[in-house]
Amino acid sequence: MPRPFKIPQSVLVVIHTPALDVLLIKRADADDFWQSVTGSKDRLDESFAETARREVFEETGIDCAPGSSLAHQLHDWQLENVYEIYPRWLHRYAPGVMHNTEHLFGLQVPAGTPVRLSPHEHTDFQWLPYEVAAEACFSPSNAEACLLLPRFLQKQSQP
């Protein structure tokens, strides 16, 4: 049975430690493409927060679902990027779909948080200082999100 087309609405979740080390994961389907957690909505009525929690767990094994110890560490940055879908992945979308809307989140985890990759999606991971992580990201929007991390943490800490 053919796979349904992807919904062109996705999340980007920058997972980081209090020291601003960022988790990057290496895509299995693209040579040397490092990224934060990304993923599309499974259904149109799935909220971006639900998508973020689901994708984080599927791709890293980190649980930030309601009731988990990290539930309150997932922060909606209230920022979206609209970008042209990379040609190599256009076949995953309905004919004529050329752009994706990406909603950004941050997830703070303790240093040493274990990571369990989904082997069909990712082959390796690394924790890098946020500036170094930005340089390693293949996606410009992901690189920009890494560089915005200190600003969003400062906003979160303000009353």
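Quick caveat, the model's predicted, so the values are computed rather than measured.

Formed by 20 residues in total, the largest nonpolar core has its most connected members in V22, L24, W77, A133, A145, C146 and L149. Listing elements by their share of this core, those giving two or more residues are β1 (9-16), β2 (21-27), α2 (130-136) and α3 (140-157). Looking at this core, the element that brings in the most residues is α3, giving 7 residues. Residues contacting L149, with those up to four places away along its chain left out, are H16, L20, V22, W77 and Y130. One finds L23, I25, C64 and F105 within the second-largest nonpolar core, a separate group that totals 17 residues.

A few words on the packing of aromatic side chains. Tallying each qualifying case throughout the model produces 6 aromatic pairs. Aromatic side chains Y86 and W89 sit 5.8 Å apart centroid to centroid with 85° between the ring planes, which places their arrangement in the edge-to-face category. Residue W89 is classed as buried on the basis of its relative accessible area, which comes to 8%. Centre to centre, the rings of Y86 and F138 are 5.7 Å apart; their planes meet at 55°, and the pair counts as tilted.

One pass over the full model with this rule turns up 8 salt bridges. With a shortest N-O distance of 2.8 Å, D29 and R92 are connected by a salt bridge. In this pair, D29 sits in the loop between β2 and β3 (34-35) while R92 sits in the loop between β5 (74-84) and β6 (99-108), placing the two residues 63 residues apart along the sequence. A salt bridge links E50 to R43, with the nearest nitrogen and oxygen atoms 3.9 Å apart. A network of salt bridges, in which partner residues are shared, links D42, E46, R54, E55 and E58.

Conventions used here
Residues numbered from 1 in each chain as written. Predicted model: local features only at pLDDT ≥ 70, side-chain atom pairs only at ≥ 80, totals over all residues. Heavy atoms only, no water. Core = buried A, V, L, I, M, F, W, Y, C linked by side-chain atoms within 4.5 Å. Buried < 20%, exposed > 50% of the residue type's maximum accessible area, 1.4 Å probe, protein only. Helix = DSSP H or I, 4+ residues; strand = E, 2+ residues; numbered from the N terminus. Contact = heavy atoms within 4.5 Å. Phe/Tyr/Trp six-rings, centres within 6.5 Å; stacked < 30°, edge-to-face > 60°. Salt bridge = Lys/Arg side-chain N within 4 Å of Asp/Glu carboxyl O.

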